[in-house]
Amino acid sequence: MISISKYTKSLCTGLFLSISLVSCTSESSKWDNFTDDGTFIVHRRQSPIGEETYEVYTENDTIYVKSLQGENERGRISGVLSELRLTKDLEPVYYSSKRISKDTTNILEVEKIGPEEITVWEKHFDKVTQKVSGHFFPLHSNIPAGIEMMLYHCYFKYGQESLPTFPRGEVTVTHRGKDTVTIGGEQRVLDRYVTTGVNWGGRTIWLDESQNLVALVKANTQIREMIKEEYEEALPTFIQGNVEEQMAQLAEYTQDLKGPEYPVVALVGGDVVDVAGEGVRKDMTIIVEEGKIVEIGKRESVKVPKGAKVIDVKGKTLIPGLWDMHAHSNQVQWAPAYLAGGVTTIRDNGNELEFATAFRDAIAKDGALGPDILLAGMTDGPGIKGNGVIRARSVEEAKETVALYHKNGYKQIKIYTSIEPEMLKVLAEEAHKVGMTVTGHVPALVNDARLAVEDGMDMLSHYNRILGALFTDKKISDLGPYFMVDNEVTDEMVNDAIAFYLKHGTVLDVTLGLGVIRTLPKGEPVETLEPEAYRMAYELFEGKRFRAGASEARAEKLKQNIIKSAEVIGKFYKAGIPVVAGTDNFAPGFGLFLEIETYNKLGGLTPLEAIRTATIVPAKAMGMDDVTGTLEVGKEADIAILDKNPLENIDNIRTVSAVMTNGNYYESEGLWTAADFTPNRDTQN
C-alpha cells in the first residue's frame, strides 16, 4: 500500500531502527476500522527534494502507521522506511525506521521486558535498561511526518504537559495561534504549535481541525519544510509562521539573558591580545561607552569613569570577538551558542531569505541577543542537483537574483555548484555593479578554481576546490578525494598558485576543520576531535556525535590528505593571501575552535596568526576593519574573554568565559545553558 516515489528508485538497505513493545488489547474507539493515506512534500530551503507517502489503518486491535520517505538531495538519493504500531488507546507497541542508503545499516531497538522496564539499544551504544511509567512515544530527531502525525494524536489524548520519548528526551507542544490558508479557493483555519524535544530548539507545526499534521518547518543544521501535498500552495504561510516563532524564541533569549545595560563598562586588569601587532599587552583596562571602545591603557593609568560598570578580568586574556566566515545559522539557538564560544560576527553563507533577514535585523535593529550577521545570498543553477529555491538559470534570473539580494541588504552573492559558466559571469558583473562581492563554490561546469576567479569570484570556499589552482593541467573533478596525496605538489606549483591568488586579491574560506572531522573512522565519536561536543543538546547531538565515518585505511589516507592540504594553505597565508576561518555549520563554537587549532597544528601558523584568520583578516575581507576585528579605540567592543592565554597554547582558545558585543556583557556558561549545551549530559539515557 506504500508507493515508492521517483526519489527512491535506486535505494538500498541502510539504517534500521526498531522498537518492539508488548501489545495489549484496547477498547473500541474512533480508531475502529480506521483508514487514511497521504503524501508530504519534502523541501530543503523551500525547494522540493522528495516526498513521503504514508498510510494509517486499523487491523484487529492494532493501529498501523507506515511511511516511506524518499529524497534526491543535490543528487544524493536516500530514503527512510518506517512503521509504528499502537493500540486503539494510542499506546505505542512497536516502532521501526530503516534508513535506506548505499551501505550503512544503523539499528535502534527498544523492547519491553517488564511492566515498567524496557531495554534500549541503538547504534554506537551498549544496550541499557530504562524505566517506563505511564505514557511515552518512540522517536528520533528525523522522525517521518507520517509518524509525527500520530505523536500529536497521542500527546493530546494523554493530556500531559510533556511526553517522555525514547531513546531519550521529552516532547512539549505549545499552541501559538491560528492561521487561515486558502486551499483550492477555500479558506481553512489551522492551529499553529511549537514542538520542542524533537529537533534542537523548536519546530513549527500546523494541525487541521481533526488534529492531523498538515505542515511542519524544522531546522537543526538546515531548514526543511514538510508540507502535505494538498497544502502546498500555502507554503509561504508556513515559512512566515516559522520565522515569527523563531523570532519569538529569540526575544525570549534576549529577555532572559541580556541583563541590565550600562552606558559605560570598564574591563579592568586583563591581558589584551594585539592582533594587529605582536603579542600581549599585560594588565590593561578597556573602557567601553555605548558599545564602542573609548580608551585602552595600563590599569594604573586609566581612570575609570564615575558610575561605570566595573568588571574584573584580572588574569584573563581579551581577544577581539571571533568571526565564523562560513555559517548557516538556520535557527535562533545559534545566537546564544555562538556568543558562548566568543563569536561576535558571522557570515551566513546561504540560508532562506525570510529567516536570514529577520534574524539579522532582530539583532542589528531591535537589539536582540546574537552575533552580528552578514549575509551571502545563495543561488544555484538548473537541475535536480540545484540547491534551494533561488536559481539563476538565465540572464534575466541572474539579474533578478542580484537585485533581490541587494534590495534585502546582502553583502554577497553565494555561488553554488550547478551555476553555469555564463551565468557566473552575469552574476559577478551585476553584483560588482552594486558594490556586492561574489563568494562560494567553484561550479561543477566551471571545474577550475582559476577560471572561477577570472569569471568574477572574489572569494572561494572549501580547500578541496581552492587547492585545485595547484593543478593547472587537471580539472577539479579529475583530482579525487586524496588529490594532495596522489599527486606531486612542488614548490613551483605552490608559488604559481600563490601568485595567481595574490594578483586577483582572492579571499580563501577553506573550512579546514570540516576536512579534519571527515577523517574520523567509522564508529569513532566526535569527542575525539571536539572534547566538549558531549555538551550539545541531545537532539543536535544525535546527528553530530557519530558521522558516517570512513574505513581505517580510508581514514588514514584522508588524514594525510588534510595534513598536506593544511601545509599548503599555511604557505598561502604566510605569502599574504587572506585566509579566513569558517566552519560550514558543524557545531556552534566548537567547530570554530577546531578550525583555528587546525591552522596552528597542521598549517604551521603561529597561534597569533591562527587567531587572525578569525578576527582581523575576515574583518578586512568584508571591508569592516575600520569598525571591528581588533581591540582599538574607536572600534566596536566585540571582545572574547578567555581564562587562559591562547598565544601560549592554541588549545586555550576553548577557554572562553565571557563575551562582550553590541554593548552587552555575557557569561559564557549561561549562554551555553540557554542554547541547551549542558555539561555532563547523559546522551545514552
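Treat the numbers as computed from the prediction; the structure is a model and nothing was measured.

A separate point is the overall build of the chain. Of regular secondary structure, the chain possesses 17 helices and 32 strands. Relative to the globule expectation of 26 Å for 685 residues, the C-alpha radius of gyration of the chain, 26 Å, shows essentially globular dimensions. If one aligns the C-alpha atoms of the chain with their principal axes, the spans along those axes are about 80 × 65 × 55 Å. Among the 685 residues that make up the chain, the fraction classed as buried is 61%. If you take every contact in the chain between residues at least 6 apart in sequence, the share linking residues at least 24 apart comes to 65%. Summing over all exposed atoms, the chain offers an accessible surface of approximately 26500 Å²; the carbon and sulfur share of this is 46%. In the chain, 74 side chains carry a positive charge and 100 a negative one; their mean positions are 3 Å apart.

Where strands meet in a sheet, backbone hydrogen bonds hold them as pairs that are either parallel or antiparallel. Pairing is parallel in the open sheet, where three strands are placed in the order β27-β28-β29. Of all strands in the sheet, those with a lone pairing partner are β27 (459-461) and β29 (579-580), marking the two edges. Sheet topology note: the strand β28 (residues 507-509)/β29 ladder contains two bridges and is parallel. Within the sheet, the bridge partner assigned to D509 lies in β29 and is V580.

Right, let's talk about the pairing of strand β13 (residues 186-196) for a bit. Taken together, the 11 bridges between strand β12 (residues 170-183) and β13 define a ladder with antiparallel strand orientation. Within β13, the position partnered with H175 by the bridge is Y193. Connecting β12 to the antiparallel partner β13 that follows it, the hairpin turn spans two residues, and G184 within it adopts a positive phi of roughly 60°. Of the pairings in the sheet, the one linking β13 to strand β14 (residues 202-207) comprises six bridges and is antiparallel in character. By the bridge assignment for β14, T195 is matched with R203. Where β13 hands over to β14, the hairpin turn is made up of five residues, of which G197 adopts a positive phi near 100°.

Neither face of strand β25 (residues 412-415) is exposed, since Q412 and K414 on one face and I413 and I415 on the opposite face are all buried. With four bridges connecting them, strand β24 (residues 372-379) and β25 associate as parallel partners. Residue pairing across strands places G377 opposite I413, the latter belonging to β25. On the question of chirality, the crossover connecting β24 to the parallel β25 by way of helix α5 (residues 395-407) is right-handed.

Moving on, we get to the packing of aromatic side chains. The full count for this structure, using the stated rule, is 19 aromatic pairs. Consider the rings of F590 and W672, whose centres lie 5.0 Å apart with planes at 5°: the pair is stacked. Taken together, the positions of F590 in helix α14 (residues 590-601) and W672 in helix α17 (residues 668-674) put the pair 82 residues apart, joining distant regions of the chain. Note on W672: relative accessible area 6%, which makes it buried. Through a chain of ring-to-ring contacts, the aromatic side chains of W200, W334, Y338, F590, F593, W672 and F677 assemble into a single cluster.

On to unusual backbone geometry. A cis amide bond, omega 20°, links F166 with the succeeding residue P167. Backbone geometry places H462, a non-glycine residue, at a positive phi of 80°. Judged by relative accessible area, H462 falls into the buried class, the value being 8%.

Attention now goes to helix α13 (residues 552-574). Between the first and last C-alpha of α13 there are 33 Å, a value that for 23 residues agrees with the 33 Å anticipated at 1.5 Å per step. Where α13 is concerned, the buried positions are A555, L558, N561, I562, S565, A566, V568, I569, G570, F572 and Y573. Looking one or two residues beyond α13, the residue adopting positive phi is G576, at roughly 105°.

Moving on: helix α4 (residues 353-364). Taking 1.5 Å of rise per residue, 12 residues should cover 16 Å, and α4 covers 16 Å from first to last C-alpha, within 8% of that figure. Check the buried side of α4 and you find it contacts α2 (235-257), α3 (334-340), β24 and α5.

This part covers the pattern of salt bridges. This model, assessed by the stated rule, comprises 26 salt bridges. Salt-bridge contacts for D509 lead to R347; the nearest nitrogen and oxygen are separated by 3.2 Å. Of this pair, D509 sits in strand β28 while R347 sits in strand β23 (residues 343-348); the two residues are 162 residues apart in sequence, bridging distant segments of the chain. The residues D509 and R347 share a single accessibility class, namely buried. For K601, the salt bridge identified is with D651, shortest N-O distance 2.6 Å. Pair noted here: K601 is in helix α14 and D651 is in the loop between β30 (639-642) and β31 (656-661), with a separation of 50 residues, a long-range link. Three or more residues joined by partner-sharing salt bridges are found here, namely R176, D179, R192, E244 and E245.

Once that is clear, we can look at the side chain of H326. Relative to the elements of secondary structure, H326 occurs in strand β22 (residues 322-327). A relative accessible area of 1% places H326 in the buried class. Side-chain polar atoms of H326 contact the side chain of H328, separated by 3.5 Å. In this view, H326 contacts R347, N349, K414, S461, H462, D509, T511, A581, G582, T583, D584 and N585; residues no more than four positions away in its chain are not counted.

Before going further, it helps to examine the sheet that holds β25. Here five strands make up an open sheet; going across it, the order is β22-β23-β24-β25-β26 and the pairing parallel. Each edge of the sheet is formed by a strand with only one pairing partner; in this case those strands are β22 and β26 (437-440). Within this sheet the neighbouring strands show an average axis-to-axis angle of 30°, counted without direction. Here four bridges tie β25 to β26, and the two strands are oriented parallel to one another. Looking at β26, one finds that K414 is bridged to T439. The sheet strands contacting helix α6 (residues 421-433) are β24, β25 and β26, and the helix crosses β26 at an angle near 140°.

What follows is about the environment of E429. Position of E429 among the secondary structure elements: in helix α6. Once the C-alpha coordinates of E429 and G184 are considered, the two residues, 245 residues apart in sequence, prove to be 42 Å apart.

Rules behind the numbers
- Residues numbered from 1 in each chain as written.
- Predicted model: local features only at pLDDT ≥ 70, side-chain atom pairs only at ≥ 80, totals over all residues.
- Heavy atoms only, no water.
- Helix = DSSP H or I, 4+ residues; strand = E, 2+ residues; numbered from the N terminus.
- Rg over C-alpha atoms; globule rule 2.2 N^0.38 Å.
- Buried < 20%, exposed > 50% of the residue type's maximum accessible area, 1.4 Å probe, protein only.
- Contact = heavy atoms within 4.5 Å.
- Areas by Shrake-Rupley, 256 points an atom, 1.4 Å probe, with all protein chains shown as cover.
- Lys, Arg positive; Asp, Glu negative; His and termini not counted.
- Charge placed at Lys NZ, Arg CZ, Asp CG, Glu CD.
- Pairing = 2+ DSSP bridges.
- Right-handed = clockwise from strand over helix to strand, strands pointing away.
- Phe/Tyr/Trp six-rings, centres within 6.5 Å; stacked < 30°, edge-to-face > 60°.
- Expected span 1.5 Å × (residues − 1).
- Salt bridge = Lys/Arg side-chain N within 4 Å of Asp/Glu carboxyl O.
- Polar contact = N/O pair within 3.5 Å; in protein donor to acceptor, adjacent residues only side chain to side chain.
- Axes fitted to C-alpha atoms, helices over the stretch in contact; angles between N-to-C directions.

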